[in-house]
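Each chain, letter by letter, is given below.
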Protein chains: 2
Amino acid sequence: MTEKLPVPVVWSEECLLHDPGGEVWLGVRDAGTEVPERALVLRDALAAAGAPEVAAVAYGDEILRMVHDPELIDHLAGVWAEWERAGFPAEWGRDRVVPYVFPTPAMLGDLPGRMPPAVHGRAGRFCYDTMTLVGPGSWTAIRGAADAALTAAGLVSAGERLAYALCRPPGHHVTRAAYGGSCYLNNAAIAAQALVAAGAERVAVLDIDAHHGNGTQSIFYTRGDVWYGSVHVDPGAGWFPHYVGYADERGAGPGEGANQNRPLPPGTADEGWLAAVRDLCAAAAARGADAVVVSLGVDAAESDPESPLRITEAGYREAGRLTAALAPTVLIQEGGYDLPTLGPLVLAALAGAAEA
Amino acid sequence: MTEKLPVPVVWSEECLLHDPGGEVWLGVRDAGTEVPERALVLRDALAAAGAPEVAAVAYGDEILRMVHDPELIDHLAGVWAEWERAGFPAEWGRDRVVPYVFPTPAMLGDLPGRMPPAVHGRAGRFCYDTMTLVGPGSWTAIRGAADAALTAAGLVSAGERLAYALCRPPGHHVTRAAYGGSCYLNNAAIAAQALVAAGAERVAVLDIDAHHGNGTQSIFYTRGDVWYGSVHVDPGAGWFPHYVGYADERGAGPGEGANQNRPLPPGTADEGWLAAVRDLCAAAAARGADAVVVSLGVDAAESDPESPLRITEAGYREAGRLTAALAPTVLIQEGGYDLPTLGPLVLAALAGAAEA
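If you're wondering where the values come from, they're calculated on a predicted model, not measured in any experiment.

A. Quick peek at empty space enclosed by the protein. Across all of its chains, the model carries 1 cavity of 30 Å³ or more by this definition. In this structure, the largest cavity occupies an estimated 60 Å³ of space. Every residue along the wall of the largest cavity is listed here: Met 107, Leu 108, Gly 109, Asp 110 and Leu 111 of chain A together with Asn 214, Gln 217, Ser 218, Tyr 221 and Val 244 of chain B. Of all the secondary-structure elements, those providing two or more residues to the lining of the largest cavity are helix 4 (105–108) of chain A together with helix 8 (214–220) of chain B. Looking at the lining of the largest cavity, the element that brings in the most residues is helix 8 of chain B, giving 3 residues. Its residues assigned to classes, the lining of the largest cavity comprises 5 nonpolar, 4 polar and 1 charged.

B. Just the interface of chain A and chain B, in detail. Counting residues at the interface gives 58 residues for chain A, matched by 58 residues for chain B. Buried area between chain A and chain B, summed over both chains or domains, comes out near 5200 Å², and the portion from carbon and sulfur atoms is 66%. On the chain A side of the contact with chain B, Leu 26, Tyr 100 and Tyr 243 of chain A bury the most area, a combined 19% of that side's loss. Between the two partners, chain A and chain B, sit 4 salt bridges. Asp 248 of chain A is the salt-bridge partner of Arg 114 of chain B, the closest N and O atoms lying 3.0 Å from each other. Counting residues per element, the ones that place at least two in the side of chain A that touches chain B are strand 2 (23–25), strand 3 (28–30), helix 4, helix 5 (119–126) and helix 8 (214–220) of chain A. Considering each element in turn, the side of chain A that touches chain B owes the most residues, 5 residues, to helix 5 of chain A. Among the residues making up the side of chain A that touches chain B, the classes are represented as 31 nonpolar, 17 polar and 10 charged.

C. Geometry of the nonpolar core. All names here are of chain B. Tyr 179, Leu 195, Val 293, Val 330 and Ile 332 are the most contacted members of the largest nonpolar core, which totals 70 residues. No other element matches the 9 residues that helix 6 (residues 138–157) contributes to this core. Those residues in contact with Val 293, other than ones at most four positions away along the chain, are Ala 188, Ala 191, Ala 192, Leu 195, Val 203, Ala 204, Val 205, Leu 206, Val 330 and Ile 332.

D. Looking closely at the pattern of salt bridges. All names here are of chain A. Applying the stated criterion to the full structure yields 42 salt bridges over all chains. One salt bridge in this structure joins Arg 29 and Asp 95, with 3.1 Å as the shortest N-O distance. One end of the pair, Arg 29, is in strand 3; the other, Asp 95, is in the loop between helix 3 (70–85) and helix 4, and 66 residues separate them in sequence.

E. Just the side chain of Asp 338 of chain A, in detail. All names here are of chain A. Following the sequence through the fold, Asp 338 ends up in the loop between strand 10 (329–333) and helix 11 (339–355). The buried charged residue Asp 338 lacks any salt bridge, with Arg 38 as its nearest oppositely charged partner at 10 Å. Polar contacts involving the side chain of Asp 338 include one to the side chain of Ser 303, which spans 3.4 Å. Setting aside residues no more than four positions away along its own chain, Asp 338 makes contact with Ser 303, Asp 304 and Pro 305.

F. A look at the sheet that holds strand 4 (residues 53–55) of chain B. Residues and elements named next belong to chain B. The parallel open sheet is built from 8 strands, whose spatial order is 4-1-5-10-9-6-7-8. Every other strand in the sheet has two partners, leaving strand 4 and strand 8 (259–264) as the edge strands with one partner each. Sheet twist, expressed as the mean angle between neighbouring strand axes with direction ignored, is 20°. Strand direction decides the pairing type here: strand 5 (residues 162–165) and strand 10 (residues 329–333), joined by 4 bridges, are parallel. The residue of strand 10 that forms the bridge with Leu 162 is Thr 329. Packed on one face of the sheet, helix 6 meets strand 1 (9–11), strand 4, strand 5 and strand 10 and runs near 175° to strand 5.

G. Inspection of the pairing of strand 9 (residues 291–296) of chain B at higher detail. Residues and elements named next belong to chain B. The buried fraction of strand 9 amounts to 6 of the 6 residues, a majority that puts the element mostly inside the structure. Residue alternation in strand 9 divides its side chains into two sets, Ala 291, Val 293 and Ser 295 and Val 292, Val 294 and Leu 296, and both sets are buried. Sheet topology note: the strand 9/strand 10 ladder contains 5 bridges and is parallel. If you follow Val 292 over to strand 10, its bridge partner there is Thr 329. In this view, the connection linking strand 9 to its parallel neighbour strand 10 by way of helix 10 (residues 313–324) has right-handed handedness.

H. Summary view of the side chain of Ser 307 of chain B. All names here are of chain B. Topologically, Ser 307 is positioned in the loop between strand 9 and helix 10. Polar contacts involving the side chain of Ser 307 include one to the main-chain carbonyl oxygen of Asp 299, which spans 2.9 Å. Of note is the side chain of Ser 307, whose polar atom sits 3.2 Å from the backbone nitrogen of Leu 309.

Analysis parameters
Residues numbered from 1 in each chain as written. Chains lettered and ligands numbered in written order. Predicted model: local features only at pLDDT ≥ 70, side-chain atom pairs only at ≥ 80, totals over all residues. Heavy atoms only, no water. 1 Å grid on protein atoms, 1.4 Å probe; cavity = no way out; pocket = protein on both sides within 12 Å on 5 of 7 lines; lining within 4 Å. Points joined across faces, edges and corners; volume = space filled by probe spheres on them. Helix = DSSP H or I, 4+ residues; strand = E, 2+ residues; numbered from the N terminus. Nonpolar A, V, L, I, M, F, W, Y, C, P; charged D, E, K, R; others polar. Contact = heavy atoms within 4.5 Å. Buried area = accessible area lost by both parts, 1.4 Å probe. Salt bridge = Lys/Arg side-chain N within 4 Å of Asp/Glu carboxyl O. Core = buried A, V, L, I, M, F, W, Y, C linked by side-chain atoms within 4.5 Å. Buried < 20%, exposed > 50% of the residue type's maximum accessible area, 1.4 Å probe, protein only. Lys, Arg positive; Asp, Glu negative; His and termini not counted. Polar contact = N/O pair within 3.5 Å; in protein donor to acceptor, adjacent residues only side chain to side chain. Pairing = 2+ DSSP bridges. Axes fitted to C-alpha atoms, helices over the stretch in contact; angles between N-to-C directions. Right-handed = clockwise from strand over helix to strand, strands pointing away.

This is a description of form; function is not addressed.
Written out as structure tokens, the structure is:
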């Protein structure tokens, strides 16, 4: 008889309602990998491991509006209805919201750019890529994932040593004012802000997803109360998010020094990855943390189609142990796209956290 | 017997080598309307009207580099070869360069963003939409169109009263540092800069394309030597470029007051459009102009699929007359996508200019 996994799993049925219907990458709509089945596979694996399930509680928007521009939240809440009113879903292939024009500094020059009234023009103001599609059930799922993160943070603030939020869609690529990278609201940032709101003076976010969490970095870049550390495949080697995630991004103003990136070359396996995780944990410990948020992406696994890192279950178990040893910890599901290995990888990370 | 159209037509065979292969609009690749046949139709119509053809001369990059960031020029010159080296054309549907991630201010937050080494990441730094595709012959055609503009400007600087450059691809949506809107280098801005370099102290650019020439506006926004005036369908009514092209954009610094936009509601016909053209011409005349550049898009015609304006041949003839009456004039082909009416519309504008 195996021991039951002693980590509460926060679940929202609503997470299944988001069907992005694929992604548009370099001009072509592919099937995509951020599918509802991810959540079902994880839920089944966690139930089989005996982890207690906790239903996500519906929270208000207060915490969300502390990390996100309210305009982003309002846009996400309403964009599908606007898309429908504009008649786009009746056109072939336009069954999801995909922007086509993006107000980059190189486009705008000396002007700030007006907020376009038309939804098809405005879409690129709030979404910075073509691979993060919005469909009819998306907002309910996005909000459900945020509620799962808030509920898990609430458990830890109330005294639990560990809680895991089975968030889907994931969140760490969402900045204060724009979504992207298959993410819509930043669940990890929301959890960190909830911990601060509940009294934590110093929160450490450790992001072990295969990709740099540019959204979380950006949200806390000038804040001293939330430290952010990330280990990820080097964006300079051709990986999302391409423009940020480099080692010299160290925070600014009151957040100076409170941001640490450890970009790794493609092909990095457990040894190099865990060395970076240990390094980040040591930095977080040196700064001090009343609470920890782990952005738990398991797409750094060798089996995963979305990254060239080669991390094993043992690696994830050790990473779970190292991060959760720092302080009471909220684990937030981020990436991880290989359905057959997704369950074992997350279980390994949570088992490591439970051992800490 | 009809009189021959007394306007030299600058032509570059290279303009035909750009085959964008359609455009990606709201996530779907469509056939697009900016096709090589546009140039052939125009050339035939102008030849039939007896206009003298002048071969475009190959110029160096000096003038181009005065209106565009040299990084943009280098990117455009090399992006297709990089795309090929990366192997994308072997993937289904990735036979053209289309970006997928765009470094908007909302994405980057407090950071400027690193220049991504990988072409598929970097593409969105230099192109702000998904509808402006690059293929194998694109750069030769783009450079050929710029040479046509430079050659036409050279004719006017040398004493011709009028010269028309049959530029394709068009150019007025290209800013200093980014391309978009089916445009790659800003032929009109290049012509204006060439006129300045040849001694003109005040150049007026009159943009009568159906869409706002955000690129030209942006390039000259803080300059006092090149005035820019545009009449176009209101971007606030849901039309490209959505973010700019509003009436309150009036220039800045030394360019304060030297930028005038006349956005018009969808459905506007000759009367309202010509009132705006007259108004702009009066403003240009009041400021004084040694030379004029007309961004001659004929997509404001009722027959055109790309705009909801309803301008007739007579309207274009009058606009040609009004603009060319100001000073010696370089006419640069911009949009216009209805192949059966393209020739008559451009002929009308040039005939009007010749009457001035």
